Amino acid sequence: FFSAKSIGRGGKRPLPEYLSAELPPSSMNCFGNRGKGDEEMPLDDRKADNGREWPRTFDLSVPNDARNNYDFVDRQGNSVGLVSNRVITSRYTLLSFLPLNLWDQFQELSNIYFLFVGFLQVWPEISTTQGVPDTYIPLAFILTVSGVRAAFDDVAKHREDSARAAIPFLVFDPDQTRKTPGKTQGKKRRSTVLSGPAPANFFYKESGSLCVGDIIMITQNQVFPADILCIATAHKKGHCFVETASLDGETNLKIKESVGIIHDALPVRDVKDDEKDEKKRQTLVYAAASEISAPLADMTGSIRFGEPDKDLEKLQGNITVKFEGGRSKGPGKLRGTNLLLRGTKLKNTAFIIGIVLYTGVDTKIRKNNEKKDSSLALKKSAIFSKVNNLLFSTLSLQIFLCLLGAIYSGAWQKENLNVSYLDLSSNVAREACLRFFTWFIILSQLVPISLVVTSELTKKFQQIIMEMDVSIWDDRKGPMKVNYGQISEDLGQVEYIFSDKTGTLTQNRMEFRLAFIGKESYGSADTDIAKRVRMKEELARTGRKPEKVPWTKTVENLEAEMKAIGDGIKFPEDIKNEMRELMWGQGKGTKQAELVHNFVTHMAISNTITPVIEGDKINYNSSSPDELALCNFGAHLGIKFVTRSGAEGSAVVTVVEDRGNQKVKVSYRLQAVLPFDSVRKRVTVIYSDMDRKNVWIMMKGADSCVEPILWQPPDAQEALEEKKKMDFMKKKLLEASNYGLRTLLVAESKKDFDWWEKHRNDFIRAKDLQPEGKLTKRQVKEMRRSAYREIELAADLKILGATAIEDQLQHLVPECIEDLLEGGIKVWMLTGDKRETAKNIAMACNLIEPDMIALKTPENIKAAGAMKKFRINSAEALSENRLVEVTGKWAGLKNDDKGLTKLFKLIDQDGDGFVERSELELILGVLKLPADQKLFDDIKSTKPDHISRDEFLNFIKSTDIDVIKALRADIKAGMDRIKSIPDLDKYPVSMVVEGGGENSALGKISEAPTEDQIGQGPPGIFDMIFPCFREEQKISLSKKDLELLLLKEDFFDLASRCKSVIACRCTPLQKAWVVEEMRKRTGAVTLSIGDGGNDEPMIKKANVGVGIFGEEGSAAAQAADYAIGQFRFLHTLLFVHGSWSYERISIMVLYIFYKTAIVAMVMFFFGFFSAFSGQQLFNGWIYTFYGAVFTACPIIVVAVLDQGLNAKALENMPKAYRSLISRGQLFGSRIFFRWIMSAIVHTAIIFFTIFWCLDSNGITFRDGKIHGLWLTSTTIYTVVVLMVSFRLTFDMASITWIHHFFFWGTIAVFILFMIGLNLLPTFNPDLYFVMFAMWDNPQVWLTSILAGCLPLLLDLGIKGVKIELFPSYMDLLRERSKFDVSGFEKHETFRFAARHQRAQEKKHKEGVNKFKTKLNEATFRRSKDTTSEDQMDLVVNTLLRWRDLTGAILDATEEAGESLDYDKGPGEHKSVH
């Protein structure tokens, strides 16, 4: 048991004792979904992972302690404490910054390396710096620069955290207001709607100080600071509206409810939220709050609630309250609709009163975003991850050279032991070992110490350039924001994009497109899906796609092409005028005019919208974006919904009819709303006139649910007319659906008010039904639906028309995705929508190509034999489609009698009630299975060649097609289809997979054991260094785990071959799991993009996270590495900035390794002339300044400003991006070692050319002296600096005045610095006047020119041959862009090589193959029953494949669907002849 202490009325009293278990928590799967019976299972007392016990109970104690420091203790008296409401997104604190930042920086192998080198320099016997660790000077500088950058970034996050935690909120506490009156005075803040003094008994408390149990008041437009239990609202019914855009990107409002037993007991005043005057509204809110204060102060009771979890829709617990006078209420059950989530916003409601339940990291949204591991590692780009691995290879090269030097030194020393004046040690082995470490220090230049600081500076400048780019500047949301710019080069290597749908691809704004009224159609169906359909028809007719418009031209024309859109309407002006003319002009009085007027009136008032008057404008707030679009359409046509007042049954709804020459107010009384739910799929609104003489019954909903309710006329002629109307509407609705529009069927009826008097009581009784006694919630819902249906049937509803609404995509999303796919990027759409909606949006977005499914219905479908021919031909065509679906929908088929009957009738071609052997052989032929395969011999039948319906069904029911088998069949069909396509680049494949619950495809696949669980996880450090000592781990798996593991491998193998994947009904954690799996198994760079808090886990799992921020920001934008305003900006971000950054950073890394390898190899070659004694060739000062000064600035300028192609070319030629990622052309092990080998060759040319040309016998000076070591070394050093600088120009794709300034400026600094060193004899005697002696000797000049030009000419020749004979795609693009060759992409024949398979991907596949080999080697003895079971599975899967094809065909057209009656019994099949 728990107890807690709090200050209550009259002194101290215990704040709760924790009660025994009453409501156990529901079982949760790994994705936060409810288990079965979730609402009926009580809570268990148990200890959570964090050590705190749940469920928790606390007494309602008002007034609360101002600090609210409840001291929770467990049974042993140990303090438990509460979670702070301050959420910290920053990484460091003042105390943790130094150790944690150093920990972060020493994750870089190079920093550890130089720490070790500095340690070696302290050892005098091997040190080349007299025991001074001078390596620590640049290392400290690098650590400081990186630390300062990290500190600035973290301070910005601290400020954001502090700003959020400092937002004041009104908390109820009478005692506190008396003790600290200063806290009752508030100042207007950015998220505080109310200002000035707090209402009576309330005081201001900062968000970060809120604690569990605080009674808080939230006013309209405030964001909820914690998870709050709603106990009262400004609406008498106790409901409120919440906007969840910051969580899920949806701008439509959600309805939440207060706890009824408290709300009903409080004197809540109905405060309107549409008051224009802010001060007046504040006065009304304060007055309502004052009335509530007295009963709130007297309220006592307790709340018991469960452990915080990830399910946003669930809340478990109960509440008991007692008011003054002994009025006890409860226990009342808490539900998810009572919980107001942190981060959401109160809308369309003046205020709510609530109790804080979960704070800080315990809130639902933070639970969904918490990391499961405690890793402190920051994101690292793919290039720098590769560099860390390559450093091991560089270290191996260094150790090899050191060993070579040590051996050479030992051999030379042994040979010259007798030379007395050398005074050599006789312990040759010891001296050789010491020389090894000496050369380890000398050759430490092979690892560039300047790489990290150069990278930091470069990426900071790149970040500034990105944020200044006006092409990714949103007019309303501002510029792009870079939260973490250390992975900018990954933007140029993205191979997988994982995108949310709602709010990311779509605007989540519905636009009215079409109205079907009577027998007329009004509007336009020019949607994005309609464009895809036209493209499909163009492909079928001509075999080629329409000419593509360049991206830059598309963007330029965007504003010009956009039609005037007002209030979510994209309706042609001429059709609007035509309809208005019918209602108010010359067409007035006709039958069609009456229908149009009734239809538009229906659109305006048949809704649950609440209008909000803001100035001269009326804004509509609704929980349904569909209703909002319909209401806006009514206003667009001249019937504007203006006010709603009163409660249901007496509410008055007023519209203003704009009749051209006058505006007339018309009012109606709202009598009832028969609400929409997922089963009814329709809503019915009943209005009457103000005099209660007539009522209008208005219904709209899905056509399949509205049609059965329509009036069936007894007269045959009338029935025929109604059937014609319905046939017309069905045809139009089918056309609209094919265009990707959301359709609703509209019906109406007009009755005398007496009719409503007869049915009102039935409605009230149904509405007031509660789950009491033996009545369960489900039974109550069924009874309500039944009563509502009876009322609707009695209304004699007639069809009025239909609507078609478009869920509008964001601007240029289809064009952007088309370019991304063309650029070699595979796009996954991860959405929570159902499969049909997701497929429609995918078609509109170009994720599914128009020619992936080819199906045409012949005009003579009802002719004799046409149906059979159509089915066979179309099935053959559909078996060649390139859209793979992995749903496992046939699992548990044996329990679906209706589905089995449909399957039988789809096989029964002639409809005689029997399946003949010839019909089964036909199926084998269509599915391209061997005809001699005796698949159907196991189906037992009384007749040899005929199988009856019952025999067929009994056979199917004898099999057990579980989810795993069904998924395996789907995946196998997909793999077979892919293997049959010779060129996936020309004929790509897309996939649809279903997520959601634990029995869904993704839910089941995710249950597979991980690599760590089967002993195939990543090796440790010791295993990486000494792989030969790694022990083989035994694998122990159950049969189910084995099946799941193989299923997961096959699924991701299939998914990686698809160009695009559409995953529907995904939970947030399923999205994150998919991203993580693809990132780990492929080693590819992944990018996740989303706009809501539920996308945050997915964004954090990807290599690159991109957030789309709203007008007021979002959790996704804060968690992402890059935040942009619209999805289309991803085009510029990847193709322009990504390509530039990848090219620039690649050149920067390769060049820095190249230039450091050259100076290190010069020292190594000199070792052959100095017996590898460790003698320095270069002066210590110039050696130190080589990388830090003399060669630093030019590469930084190139890494910031270089442009391989200009922005316009990159935007218009997506294949340029593909060329970067196809085989890792810019950076990889092969390219890296090619640069290292180039450095070694160049060093050898320079060193030996100068060393032999400046031979001591071949050069003298005017004073008779010969050259010495320092003249030779200075000449070599000068040539190295100049050659390395000029070598960089070979990799410059663009040159500006800035390049010139820093290039020549750096050379000038080098010359001036060398002159200065040569003029200071006391400071540097070795180099005194050496430079001037060089300039005075022509042989030095000629030697320098020769030694510097030879390596440059060598590289120039190699580069020329490569570009001329083996050009890359980027080489061709640069050439054509330079010479302005336009239109070449139409005729290009360049073939891209296969995608480069990374080491990580190879390693994973090797592990999988090794695992499968071991499984095959295991002795599994299969019995005859097992073989028979496999054969039965094959039969069923074959038949289901046939059903997939023919069922899709018959569902494709209305006429074909009518030709097969699935509800009739055997032998009753309607013939099409």
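### Points about the overall build of the protein
Logical step 1: Helix and strand counts for the protein stand at 47 helices and 41 strands.
Logical step 2: Within the protein, the proportion of its 1473 residues that are buried is 52%.
Logical step 3: For the protein, restricting intrachain contacts to residue pairs at least 6 apart in sequence, the fraction spanning at least 24 positions comes to 75%.
Logical step 4: Entry remark: accessible area of the protein is about 66800 Å², with carbon and sulfur atoms responsible for 55%.

### Points about unusual backbone geometry
Logical step 1: Despite not being glycine, R692 has its phi angle at roughly 55°, a positive value.
Logical step 2: Within the fold, R692 resides in the loop between β29 (682–688) and β30 (694–701).

### Re the sheet that holds β30
Logical step 1: As summarised here, the arrangement of the nine strands in space is β23-β22-β32-β31-β30-β29-β28-β27-β26, forming an open sheet in which the pairing is antiparallel. Two strands lie at the open edges of the sheet, namely β23 (520–523) and β26 (639–645), each paired on one side alone. Mean inter-strand twist for the sheet, computed between neighbouring axes without regard to direction, equals 30°.
Logical step 2: Sheet topology note: the β26/strand β27 (residues 651–658) ladder contains six bridges and is antiparallel. Paired with K640 across the two strands is V656, which belongs to β27.
Logical step 3: Here helix α15 (residues 591–605) sits on the sheet and contacts β22 (506–517), β23, β26, β27, β28 (663–674), β29, β30, β31 (742–752) and β32 (798–809); the angle it forms with β32, its principal contact strand, is near 50°.

### What to know about the nonpolar core
In a soluble, globular protein the nonpolar side chains are often hidden away together inside.
Logical step 1: Formed by 150 residues in total, the largest nonpolar core has its most connected members in L1130 and L1134.
Logical step 2: If one sorts the elements of this core by residue count, helix α34 (residues 1129–1167) sits on top with 27 residues.
Logical step 3: L1134 has contacts with L491, V494, I497, L820, I825, L1087, S1139 and Y1217, leaving out every residue within four places of it along the chain.
Logical step 4: Core analysis: the next-biggest nonpolar cluster, separate from the first, contains 44 residues, L582, W584, A629 and Y668 among them.

### A look at helix α22 (residues 835–844)
Logical step 1: What α22 keeps buried is the set R835, A838, I841, A842 and A844.
Logical step 2: Note on α22: the residue one or two positions beyond its end, N846, has a positive phi of about 75°.

### Regarding the environment of K591
Logical step 1: Topologically, K591 is positioned in helix α15.
Logical step 2: Residue classification places K591 among the exposed residues on the basis of a relative accessible area of 59%.
Logical step 3: With 73 residues separating them in the primary sequence, K591 and G518 have C-alpha atoms 9.3 Å apart.

### Let's talk about a nonpolar patch on the surface
Logical step 1: A contiguous nonpolar patch, built from F400, L404, Y408, W412, Y421, L422, F1168, F1169 and W1252 and spanning about 950 Å² of accessible area, is present on the exposed surface.
Logical step 2: For the nonpolar patch, the leading source of residues is helix α9 (residues 382–415), giving four residues.
Logical step 3: Mapping W1252 onto the fold places it in helix α39 (residues 1229–1253).

### Re the pairing of strand β10 (residues 215–219)
Logical step 1: Among the five residues that make up β10, five are buried, leaving the element largely enclosed by the rest of the structure.
Logical step 2: Side-chain alternation along β10 places I215, M217 and T219 on one buried face and I216 and I218 on a second face that is also buried.
Logical step 3: Two elements, strand β6 (residues 168–172) and β10, share two bridges in a ladder whose sense is antiparallel. Bridging from a neighbouring strand, L170 pairs with M217 of β10.
Logical step 4: Pairing of β10 with strand β19 (residues 351–358), which is carried by five bridges, proceeds in the antiparallel orientation. When the sheet's bridge partners are listed, I218 is paired in β19 with I352.

### Observations regarding the packing of aromatic side chains
Logical step 1: On inspection of all chains with the given rule, the structure shows 51 aromatic pairs.
Logical step 2: Ring plane angle 35° and centroid distance 5.0 Å describe the contact between F1248 and W1252, whose orientation is recorded as tilted. With F1248 and W1252 both in helix α39 and four residues apart, the pair spans about one turn of that helix.
Logical step 3: Following the ring pairs from residue to residue traces out a cluster consisting of Y408, W439, F1164, F1165, F1168, F1169, F1172, F1247, F1248, F1251 and W1252.

### Examining the pattern of salt bridges
Logical step 1: The tally for this structure, following the rule as stated, stands at 40 salt bridges.
Logical step 2: Between K1048 and E1077 there is a salt bridge, and its shortest N-O distance comes to 3.8 Å. Of this pair, K1048 sits in helix α30 (residues 1039–1057) while E1077 sits in helix α31 (residues 1068–1082), placing them 29 residues apart in sequence. Each of the two residues, K1048 as well as E1077, counts as buried.
Logical step 3: With a shortest N-O distance of 3.0 Å, K1100 and E1096 are connected by a salt bridge. Pair noted here: K1100 and E1096 are both in helix α32 (residues 1096–1101), with a separation of four residues, about one helical turn.

### Remarks on the environment of M783
Logical step 1: You can see M783 is positioned in helix α20 (residues 777–794).
Logical step 2: In this structure M783 touches L769 and L775, once residues within four positions along its chain are discounted.

### A closer look at the confidence of the model for the protein
Logical step 1: Per-residue confidence for the protein gives a mean pLDDT of 75, with 72% of residues at or over 70.
Logical step 2: Note on residues 1–54: pLDDT under 50 across the span, and 155 contacts to partners over four residues away in sequence or across chains.
Logical step 3: The model gives residues 372–376 a pLDDT under 50, and that stretch makes four contacts with residues more than four places away or in other chains.

### Here's the deal with the packing of α34 against helix α36 (residues 1193–1201)
Logical step 1: Running from N to C, α34 and α36 cross one another at 160°; their axes reach a closest spacing of 8 Å. On the basis of the axis angle, α34 is roughly antiparallel to α36. Read as a crossing pair, α34 and α36 show a hand that is right-handed. The residues of α36 that touch α34, namely those facing R1144, I1147, M1148 and Y1151, are I1195, V1198, A1199, V1200 and L1201.
Logical step 2: Classifying every residue of the contact of α34 with α36 by side-chain character gives eight nonpolar, no polar and one charged.

### Considerations on the sheet that holds strand β17 (residues 339–340)
Strands in a sheet are paired, the pairing made by backbone hydrogen bonds, and the direction either parallel or antiparallel.
Logical step 1: An order of β9-β6-β10-β19-β11-β17 is seen for the six strands of this open sheet, with the pairing classed as antiparallel. Edge strands, defined here as strands with exactly one partner in the open sheet, are β9 (202–206) and β17.

### A look at the side chain of D154
Logical step 1: Assignment of secondary structure puts D154 in helix α3 (residues 136–165).
Logical step 2: Within the buried set, D154 has no salt-bridge partner at all; the shortest N-O distance to an opposite charge, 5.5 Å, is to K157.
Logical step 3: Ignoring sequence-local partners within four residues, the contact set of D154 consists of S90, R91 and Y92.

### Description of the state of the cysteines
Note on terminology: a disulfide is the covalent bond linking the sulfur atoms of two cysteines.
Logical step 1: Within the structure shown, the criterion is met by zero disulfides.
Logical step 2: Among the cysteines around C845, which has no disulfide bond, C816 carries the closest sulfur, lying 10.0 Å off.

### Things to note about α20
Logical step 1: Taking 1.5 Å per residue as the helical rise, α20 with its 18 residues ought to reach 26 Å, and the 26 Å between its terminal C-alpha atoms agrees with that figure.
Logical step 2: Every buried residue belonging to α20 is among V780, R785, Y788, I791 and E792, and all of these are buried. With its buried residues spanning 130° around the axis, α20 presents them on a single face. Turned more than 90 degrees off the buried face of α20, the exposed positions are R778 and E790.
Logical step 3: Looking at the buried positions of α20, the neighbouring elements they touch are β28, β29, β30 and α19 (753–767).
Logical step 4: Looking one or two places after α20, you find D796, whose phi comes out positive at around 55°.

Criteria and cut-off values
- Residues numbered from 1 in each chain as written.
- Predicted model: local features only at pLDDT ≥ 70, side-chain atom pairs only at ≥ 80, totals over all residues.
- Heavy atoms only, no water.
- Helix = DSSP H or I, 4+ residues; strand = E, 2+ residues; numbered from the N terminus.
- Buried < 20%, exposed > 50% of the residue type's maximum accessible area, 1.4 Å probe, protein only.
- Contact = heavy atoms within 4.5 Å.
- Areas by Shrake-Rupley, 256 points an atom, 1.4 Å probe, with all protein chains shown as cover.
- Pairing = 2+ DSSP bridges.
- Axes fitted to C-alpha atoms, helices over the stretch in contact; angles between N-to-C directions.
- Core = buried A, V, L, I, M, F, W, Y, C linked by side-chain atoms within 4.5 Å.
- Patch = residues over 30% accessible without salt bridge, like charges linked within 9 Å, V, L, I, M, F, W, Y side chains within 5 Å.
- Salt bridge = Lys/Arg side-chain N within 4 Å of Asp/Glu carboxyl O.
- Phe/Tyr/Trp six-rings, centres within 6.5 Å; stacked < 30°, edge-to-face > 60°.
- pLDDT = per-residue confidence, 0-100.
- Parallel < 35°, antiparallel > 145°, perpendicular 65-115°, else oblique.
- Left-handed = near helix turned anticlockwise from the far one by under 90°.
- Nonpolar A, V, L, I, M, F, W, Y, C, P; charged D, E, K, R; others polar.
- Lys, Arg positive; Asp, Glu negative; His and termini not counted.
- Disulfide = S-S within 2.5 Å.
- Expected span 1.5 Å × (residues − 1).
- Arc of directions from axis to C-beta.

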